[in-house]
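Results of the structural survey
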Amino acid sequence: MLDLARVLSKNGIKMSRDYTMLTKAIVSVEETGRVLDPEFDLVGIAEPFLRKLALERYRPEQLIRDFWLDSKEWARDVRKLPGDLQRVLRRIENEDIGVNLRLDKLDKLAEPLNGAINRVVLALIIGSLIIGSSMIMTTGTGPLLWGFPQLGLFGYLMSGVLGLWVIFDILRHGKHR
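These notes cover the structure that comes with them. Computed from a predicted model, the values in this text were never measured in an experiment.

**A few points about a nonpolar patch on the surface**
Among the surface-exposed residues, Leu109, Leu113, Ile117, Val121 and Ile125 lie close enough to one another that they form a single nonpolar patch of about 430 Å² accessible area. Considering the arrangement of structural elements, one finds Val121 in helix H5 (residues 104-139).

**So, a negative patch on the surface**
A cluster of like negative charges, contributed by Asp66, Asp70, Glu73 and Asp77, occupies part of the molecular surface. Note on placement: Asp77 falls in helix H4 (residues 60-93).

**Regarding the side chain of Ser133**
When you line up the elements, Ser133 lands in helix H5. At a separation of 3.4 Å, a polar atom in the side chain of Ser133 contacts the main-chain amide nitrogen of Tyr156. Apart from the residues within four sequence positions on either side, Ser133 is in contact with Gly152, Gly155 and Tyr156.

**Examining helix H6 (residues 150-173)**
For H6, built from 24 residues, the straight-helix expectation of 34 Å at 1.5 Å per residue is met to within 8% by its first-to-last C-alpha distance of 34 Å. Along H6, the residues that are buried comprise Gly152, Gly155, Ser159, Leu162, Val166 and Asp169.

**Brief notes about the packing of aromatic side chains**
Following the criterion strictly, the structure yields two aromatic pairs and no others. With centroids separated by 6.2 Å and ring planes inclined at 80°, the aromatic side chains of Phe67 and Trp74 adopt a geometry described as edge-to-face. Classification of Phe67 by relative accessible area gives exposed; the value is 52%. Ring centres of Trp165 and Phe168 lie 5.7 Å apart, and the angle between their planes is 45°; on these two criteria the pair is classed as tilted. Within this pair, Trp165 and its partner Phe168 are both found in helix H6, separated by three residues, close to a single helical turn. The class for Trp165 is partly exposed, based on a relative accessible area of 43%.

Conventions adopted
Residues numbered from 1 in each chain as written. Predicted model: local features only at pLDDT ≥ 70, side-chain atom pairs only at ≥ 80, totals over all residues. Heavy atoms only, no water. Patch = residues over 30% accessible without salt bridge, like charges linked within 9 Å, V, L, I, M, F, W, Y side chains within 5 Å. Areas by Shrake-Rupley, 256 points an atom, 1.4 Å probe, with all protein chains shown as cover. Salt bridge = Lys/Arg side-chain N within 4 Å of Asp/Glu carboxyl O. Helix = DSSP H or I, 4+ residues; strand = E, 2+ residues; numbered from the N terminus. Lys, Arg positive; Asp, Glu negative; His and termini not counted. Charge placed at Lys NZ, Arg CZ, Asp CG, Glu CD. Polar contact = N/O pair within 3.5 Å; in protein donor to acceptor, adjacent residues only side chain to side chain. Contact = heavy atoms within 4.5 Å. Expected span 1.5 Å × (residues − 1). Buried < 20%, exposed > 50% of the residue type's maximum accessible area, 1.4 Å probe, protein only. Phe/Tyr/Trp six-rings, centres within 6.5 Å; stacked < 30°, edge-to-face > 60°.

Written out as C-alpha cells, the structure is:
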C-alpha cells in the first residue's frame, strides 16, 4: 500500500482521503501485528478474504450488472449531448464565447526577434546608402567637395555613422538582441 501511495504521489496522482486512511490503517495493523508477533503476515491472512472479494466483484452477474448501470449512465449523457451542443452553438452565434490565447514563450521570443529585424532593416538602409552614394560618386556631378560630389560623401558619412551605431548596439546588447 505504501509503495502504491509513493508511485501515485511521484506521478502527481492524488489519492482520495478514504484510500489514504485505509493505507494508514493497514500499515498500523501490520506494525501492531509485527510487534505482537514477529512472524505476523498480513498478506497471508488477508489473501483468502481478498480472493473471495475478487471472485464476488468479477463474477459474470456482477460484471453484467455494472455494465448495465454504466451503459444507462452513458445513454443519459448521450441524450443530453445534442442540447449541450445547441447551447454552445447558440453562445458562439451570440458571441458570448471567446478564446483568449496566451503564448508565454512567444513573448520571450518577440524582443530578440524585434531587435534582429531592426538590425536587418538598418543594414538594408546602410547598404542602400552605400550603393546610392557609389552611383553618385561615379557620376562626378553636383557640388564638389575635395573633388568628390558632396551628396555621395554625405551618403558615405551617413552609412558610416549608422554602421558604427549597429556595431555599438551589438556590443552594448549582445549579438542575440
